[in-house]
Amino acid sequence: MSSETFYKVLGPNRTPAHGGNGQWPEPGEWLSVTGKLKPCSNGLHLCRRQDLINWFAKAEIWTVEVAQRAKIVVHMDGSYQSKIVTRKARLVKRFETWNERTMRLFAADCAEHVLHHYE
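Computed from a predicted structure; not experimentally measured. (Residues numbered from 1 in each chain as written. Predicted model: local features only at pLDDT ≥ 70, side-chain atom pairs only at ≥ 80, totals over all residues. Heavy atoms only, no water.)

(A) A look at the overall build of the protein. What the protein contains, in helices and strands, is one helix and seven strands. Each helix and strand of the protein, placed in order from N terminus to C terminus, yields the pattern β-β-β-β-β-β-β-α. Counting only C-alpha atoms, the protein reaches 50 × 30 × 30 Å along its principal axes. Burial status across the protein gives 32% buried among its 119 residues. For the protein, contacts bridging at least 24 residues in sequence account for 71% of all contacts bridging at least 6. Accessible surface, the protein: about 7,900 Å² in total, of which carbon and sulfur atoms supply 51%. Each charge class in the protein can be summarised by its mean position, and for the 17 positive and 12 negative side chains these summaries are 10 Å apart. (Helix = DSSP H or I, 4+ residues; strand = E, 2+ residues; numbered from the N terminus. Buried < 20%, exposed > 50% of the residue type's maximum accessible area, 1.4 Å probe, protein only. Contact = heavy atoms within 4.5 Å. Areas by Shrake-Rupley, 256 points an atom, 1.4 Å probe, with all protein chains shown as cover. Lys, Arg positive; Asp, Glu negative; His and termini not counted. Charge placed at Lys NZ, Arg CZ, Asp CG, Glu CD.)

Given below as structure tokens:
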């Protein structure tokens, strides 16, 4: 397993929050895909901690384990790395602290941060 921590942002019942289809299995159960890994098209799409800001949604955030020796494709969006794609991974633990209340507080903090541009 990679020493790096990866994350997955999912909707209710472990369904995709940003496109795609299907449902991730229960935490601890491996999910794998076949075919050529291709960002935005085929593979399990995850992100790193620094990329989470680009994927926040009214959703759940999970830590993810990538299988040993699993290929990882890094997707660059312009000048920054926005996500990774791999063939085999499993959910480990859901962040219980990312919830309706903390989502609203985060949104308020973001609005406060840019408010001076509009005053």
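(B) Local environment of the nonpolar core. Phe6, Trp24, Leu46, Val64, Val66, Ala89 and Leu91 are the most contacted members of the largest nonpolar core, which totals 13 residues. Of all the secondary structure elements, the ones that give two or more residues to this core are strand 1 (6–10), strand 3 (44–46), strand 4 (60–66) and strand 7 (88–94). Of the residues forming this core, the biggest block, three residues, is contributed by strand 4. Apart from residues no more than four positions distant in its own chain, tryptophan 24 is found in contact with Lys8, Leu10, Arg14, Leu31, Leu44, Leu46, Ala89, Arg90 and Leu91. (Core = buried A, V, L, I, M, F, W, Y, C linked by side-chain atoms within 4.5 Å.)

(C) The packing of aromatic side chains, seen in detail. Applying the stated rule across the entire model yields two aromatic pairs. Seen in terms of ring centroids, tyrosine 7 and phenylalanine 95 are 6.0 Å apart; in terms of plane orientation they differ by 40°. Their pairing is tilted. On the criterion of sequence distance, the pair formed by tyrosine 7 in strand 1 and phenylalanine 95 in the loop between strand 7 and helix 1 (100–114) is long-range, its members being 88 residues apart. Residue tyrosine 7 is classed as buried on the basis of its relative accessible area of 10%. A relative accessible area of 34% places phenylalanine 95 in the partly exposed class. (Phe/Tyr/Trp six-rings, centres within 6.5 Å; stacked < 30°, edge-to-face > 60°.)

(D) Just the layout of surface pockets, in detail. Estimated volume of the largest pocket: approximately 560 Å³. In this structure, the largest pocket is lined by 25 residues; those nearest its centre are Lys8, Gly19, Gly20, Gly43 and His45. Of all the elements in the fold, those that place two or more residues in the lining of the largest pocket are strand 1, strand 2 (31–32) and strand 3. Among the residues forming the lining of the largest pocket, the class breakdown is 12 nonpolar, 11 polar and two charged. (1 Å grid on protein atoms, 1.4 Å probe; cavity = no way out; pocket = protein on both sides within 12 Å on 5 of 7 lines; lining within 4 Å. Points joined across faces, edges and corners; volume = space filled by probe spheres on them. Nonpolar A, V, L, I, M, F, W, Y, C, P; charged D, E, K, R; others polar.)

(E) Summary view of the pairing of strand 4. In terms of burial, strand 4 is largely enclosed, as seven of its seven residues are buried. Neither face of strand 4 is exposed, since Glu60, Trp62, Val64 and Val66 on one face and Ile61, Thr63 and Glu65 on the opposite face are all buried. As paired strands, strand 1 and strand 4 are joined by five bridges and run antiparallel to one another. In the strand pairing of strand 4, phenylalanine 6 is matched with valine 64. Strand direction decides the pairing type here: strand 4 and strand 7, joined by five bridges, are antiparallel. For tryptophan 62, the partnering residue across the bridge sits in strand 7 and is arginine 94. (Pairing = 2+ DSSP bridges.)

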